[in-house]
Amino acid sequence: MYTIRFTFEQSGLAPAILEAVKPGQSLLEVALLNNIELHHNCGGVCACSTCHLYVESGEQYLEEISDKEEDFIDRAVNPRLNSRLGCQCVLQEGQGEINVRIPDQSQFLGE
Ligand code: FES
């Protein structure tokens, strides 16, 4: 089980702290289940970059990044060293704390 703390680059959004999150689901799925807005234009199959997020800590609890994921991260807005695609970050068996920062989702308005 994990504790996941979501913070947001969009101003005015308070952090969301989720507890007892089960492994086997992706950060995208966790976000959507908890009413956290995270775009997912390709439906979560690593074919876009709209679920881009930053893993500030706890990356060791997530499925490792693939070459394909890296390619799509290169096309994301403002990629950083800790960039990941939320749909590819499947929680592995284990427990711990993960800190995730969500880019401003309003950048996708009108897409
Ligand atoms: S939803 Fe498209 S890559 Fe994650």
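You'll find the structure just up there.
Criteria and thresholds
- Residues numbered from 1 in each chain as written.
- Predicted model: local features only at pLDDT ≥ 70, side-chain atom pairs only at ≥ 80, totals over all residues.
- Heavy atoms only, no water.
- Core = buried A, V, L, I, M, F, W, Y, C linked by side-chain atoms within 4.5 Å.
- Buried < 20%, exposed > 50% of the residue type's maximum accessible area, 1.4 Å probe, protein only.
- Helix = DSSP H or I, 4+ residues; strand = E, 2+ residues; numbered from the N terminus.
- Contact = heavy atoms within 4.5 Å.
- Phe/Tyr/Trp six-rings, centres within 6.5 Å; stacked < 30°, edge-to-face > 60°.
- Lys NZ or Arg CZ within 6 Å of the ring centre and 35° of its normal.
- Salt bridge = Lys/Arg side-chain N within 4 Å of Asp/Glu carboxyl O.
- Pairing = 2+ DSSP bridges.
- Axes fitted to C-alpha atoms, helices over the stretch in contact; angles between N-to-C directions.

Remarks on the nonpolar core
Piece 1. In this structure, Ile-4, Phe-6, Leu-27, Ile-36, Leu-91, Val-100 and Ile-102 are the most contacted members of the largest nonpolar core, which totals 27 residues.
Piece 2. Contributions of two or more residues to this core are made by strand 1 (2-8), strand 2 (16-21), helix 1 (27-33), strand 3 (52-57), helix 2 (67-74) and strand 5 (96-102).
Piece 3. Contact partners of Ile-4, with chain neighbours within four places excluded, come to Ala-16, Ile-17, Leu-18, Val-21, Leu-27, Val-30, Leu-91, Ile-98 and Val-100.

Regarding the packing of aromatic side chains
For any pair of aromatic rings, the description rests on two quantities: the centre-to-centre distance and the angle between the ring planes.
Piece 1. Tallied over the entire structure, the rule returns 1 aromatic pair.
Piece 2. Note that Arg-75 overlies the ring of Phe-72, its terminal NZ or CZ placed 4.4 Å from the centroid.
Piece 3. One Lys or Arg, Arg-80, reaches over the ring of Tyr-54 and ends 3.8 Å from the middle of that ring.

Re the pattern of salt bridges
Piece 1. Throughout the structure, instances matching the rule amount to 3 salt bridges.
Piece 2. Put simply, Arg-80 and Glu-9 hold a salt bridge, and the shortest N to O gap is 3.0 Å. Of the two residues, Arg-80 is situated in the loop between helix 2 and strand 4 (83-85) and Glu-9 in the loop between strand 1 and strand 2; the sequence distance between them amounts to 71 residues.
Piece 3. Judged by relative accessible area, which is 35%, Arg-80 ranks as partly exposed.
Piece 4. By relative accessible area, which is 30% here, Glu-9 ends up partly exposed.
Piece 5. For the salt bridge of Glu-69 with Arg-84, the shortest nitrogen-to-oxygen distance reads 2.7 Å. In this pair, Glu-69 sits in helix 2 while Arg-84 sits in strand 4, placing the two residues 15 residues apart along the sequence.

Here's the deal with the sheet that holds strand 3
Piece 1. Across the sheet, which stays open at both edges, the 5 strands sit in the order 2-1-5-3-4 with mixed pairing between neighbours. Two strands bound the open sheet, and with one partner strand each, they are strand 2 and strand 4. Strand after strand, the sheet turns through a mean of 35° between neighbouring axes, direction not considered.
Piece 2. Both strand 1 and strand 5 contribute to a ladder of 7 bridges, which runs parallel. Bridging from a neighbouring strand, Tyr-2 pairs with Gly-96 of strand 5.

Structural notes on the environment of Asp-104
Piece 1. With respect to the helices and strands, the residue Asp-104 is situated in the segment after strand 5.
Piece 2. For Asp-104, a relative accessible area of 27% puts it in the partly exposed group.
Piece 3. Spatially, the C-alpha atoms of Asp-104 and Leu-28 are 15 Å apart, while their sequence positions differ by 76 residues.
Piece 4. The residues touching Asp-104, leaving out its near neighbours within four places in the chain, are Glu-9 and Gln-10.

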